[in-house]
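# Fold and contact review
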Amino acid sequence: MTSRRQFLTGAGLVGVAAVSRSALAALPEPIIQTGADTQPPLAPPEGQDYNPVVTLNGWTAPWRMNHGVKEFHLVAEPVEREIAPGMVARLWGYNGQSPGPTIEVVEGDRLRIFVTNRLPEHTSIHWHGQRLPNGMDGVGGLTQPQIPAGKTFVYEFVARRPGTFMYHPHADEMTQMAMGMMGFWVTHPRDPHPLIARADRDFCFLLNAFDIEPGSYTPKVNTMLDFNLWTWNSRAFPGIDTLNVRLGDRVRVRIGNLTMTNHPIHLHGHEFEITGTDGGPTPLTARWPEITVDVAVGQMRQIEFIADEPGDWAMHCHKSHHVMNAMGHDVPTMIGVDHRGVVEKIQKLVPDYMVMGERGMADMGEMEMPLPENTLPMMTGHGPFGPLEMGGMFTVLKVRAEQAPGDYSDPGWFAHPEGTVAHEWRGDTPTAARAGAAEGEAAFRARKPDGHGGHPH
Ligand SMILES: [Cu+2]
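Calculation notes
Residues numbered from 1 in each chain as written. Predicted model: local features only at pLDDT ≥ 70, side-chain atom pairs only at ≥ 80, totals over all residues. Helix = DSSP H or I, 4+ residues; strand = E, 2+ residues; numbered from the N terminus. Buried ≥ 20, exposed ≤ 12 C-beta atoms within 10 Å, placed from the backbone. Contact = placed C-beta atoms within 7 Å. Pairing = 2+ DSSP bridges. Axes fitted to C-alpha atoms, helices over the stretch in contact; angles between N-to-C directions. Core = buried A, V, L, I, M, F, W, Y, C linked by C-beta atoms within 7 Å. pLDDT = per-residue confidence, 0-100.

Secondary structure assignment for the protein yields three helices and 25 strands. Considering the protein as a whole, with its 457 residues, one finds that 37% of them fall into the buried category. A separation of at least 24 residues holds for 72% of the contacts in the protein among residues at least 6 apart in sequence.

This is the structure we're talking about:
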């Protein structure tokens, strides 16, 4: 849902087509987003000369043309962001959401970006990765005065190089980024570029993290490393939308990391190449196939692959605690511990006592355990075969032959062709062979390099 909110008296609801000269002298109306659904790509109004990006659980900032200059209006303000169904966080962001809208422009565009500060403290915006005049770099105190609460500043520069970028405050950074202030930036090449392929689908998202105590709404802003909610565009699984593509599509995924740790992002079923970073397109000779890309703090990576395997392919951070939602960390490992007898004794003292993790933690995926209000289950989500036992930085790449070009809607779960799903073995189970076995049991024989070998090991 996008709503146009009346802003700074006078402008009212001005349609894009009906902007008068006097209206152009005023600030562009900021577009406010009220929901967390992935919005359809914003096709450029004057003939589609690029394939627009899709911001996962986000949207692209609309702009207006003013005498050859693209004008945007960002409003830094407190927002409410649904992290996943069942949990809302009180964050700071831009234009109603965290992250703010993606700014999507074309190489060579002249830009004017108005930034209105509706936060209780000063802010600034740094345009991460841009070539621009030093005074437009947005480092409060170094290249500009801070933007005081209630004031609007203007940034003006030319989008000089194509690529994958982001924006974030360079003012009280630890607080403002811990509160969710950030946004994506994509600059498309003006002309066909030897190192930038035309992608059929172009997705982008930022890696971010929060420390929100179970049962509360506002992030702790003094947390340095021990965040408990690992999110993509301020969404945690199962709140992260799937990446829906057509079989055979060239897919580009742009990822930026504004957390305080690295994230090895792993894609199942395909190999990809890193085709660019926030430093620019990667030379062809420096590309190699990967299935995991480590995105370090403050880095951006742009990966590309041909989606040529139909199915529902997991895509996630490979740090296993980053695919979980908030949990108590100080739980001892109980695997293999026999609680029988002990439980009843403890329950006499602590009636609510329950056994956790005796067989591993998978039971948590199904456990109907009472949670504090506004708290996500640690491991959750259901697939066609049962609980997924996931949280945090996890989603699914859905590759379908029948997905129409330009259709980003969710096709539902994959229908596996007959006989292509792992299943229970129902035949005989032979005794396992074992090294160092006693006489009469099966044993491996290793042949030593000297050719004598033959001894059981
Ligand atoms: Cu991670």
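Turning next to the sheet that holds strand 25 (residues 394–400). Pairing in this open sheet of five strands is mixed, and the strands run 15-25-22-17-20 from one edge to the other. Two strands bound the open sheet, and with one partner strand each, they are strand 15 (243–246) and strand 20 (292–295). Direction aside, the axes of adjacent strands within the sheet are offset by 20° on average. Strand direction decides the pairing type here: strand 17 (residues 263–267) and strand 20, joined by four bridges, are antiparallel.

Moving on to the sheet that holds strand 7 (residues 103–106). If you trace the four strands from one edge of the open sheet to the other, you get 7-12-11-9, paired in mixed fashion. Two strands close off the open sheet at either side, each with one partner strand: strand 7 and strand 9 (126–128). Strand-to-strand twist across the sheet, computed as the mean angle between neighbouring axes with direction ignored, equals 25°. For strand 7 and strand 12 (residues 183–188), the ladder comprises four bridges, and the chain directions are parallel.

Side chains on a regular strand alternate between the two faces of the sheet. When you tally the buried positions in strand 12, you get six out of six residues, the bulk of the element. Judged by which residues are buried, strand 12 turns out to be covered on both faces: Gly-183, Trp-185 and Thr-187 on one side and Phe-184, Val-186 and His-188 on the other are all buried.

Attention shifts here to the nonpolar core. Counting 84 residues, the largest nonpolar core has Ala-76, Met-166, Trp-185, Phe-203, Leu-229 and Ala-236 as the members making the most contacts within it. Setting aside its immediate chain neighbours within four residues, Ala-76 contacts Trp-92, Tyr-94, Val-115, Thr-116, Asn-117, Arg-118, Leu-119, Thr-123 and Met-181.

Right, let's talk about unusual backbone geometry for a bit. Omega for the bond connecting Ser-98 with Pro-99 falls within 30 degrees of zero, at -5°, which places this linkage in the cis form. Within the fold, Pro-99 resides in the loop between strand 6 (87–94) and strand 7. Of note, the bond from Phe-237 into Pro-238 is cis; its omega dihedral lies within 30 degrees of zero at 10°. With respect to the helices and strands, Pro-238 occurs in the loop between strand 14 (229–232) and strand 15. Residue Asn-233 is not a glycine yet carries a positive backbone phi of 50°.

Summarising the element assignment, Val-75 is placed in strand 5 (residues 69–84). Separated by 40 residues in the primary sequence, Val-75 and Val-115 have C-alpha atoms spaced 5.7 Å apart. Not counting residues up to four positions away in its chain, the partners in contact with Val-75 are Pro-30, Tyr-94, Asn-95, Thr-116 and Arg-118.

Next up on the list: the confidence of the model for the protein. On average, residues of the protein score 87 in pLDDT, and 82% of them are at 70 or above. Across residues 4–18, where pLDDT falls below 50, the model places 16 contacts with residues more than four positions away in sequence or in other chains. Every residue in residues 451–457 scores below 50 in pLDDT, and together they form eleven contacts with partners more than four places removed in sequence or on other chains.

The topology assignment puts Ser-124 in the loop between strand 8 (110–117) and strand 9. For Ser-124, a count of 27 C-beta atoms within 10 Å translates into the label buried. Sequence separation between Ser-124 and Ala-171 is 47 residues; the distance between their C-alpha atoms is 5.8 Å. Apart from residues lying up to four places away in sequence, Ser-124 is in contact with Gly-138, Val-139, Gly-140, Gln-144, Gln-146, Ile-147, Pro-169, His-170 and Ala-171.

Here we take up the environment of Pro-189. Examined against the element boundaries, Pro-189 turns out to sit in the loop between strand 12 and strand 13 (201–210). The residues touching Pro-189, leaving out its near neighbours within four places in the chain, are Glu-107, Pro-162 and Ile-196.

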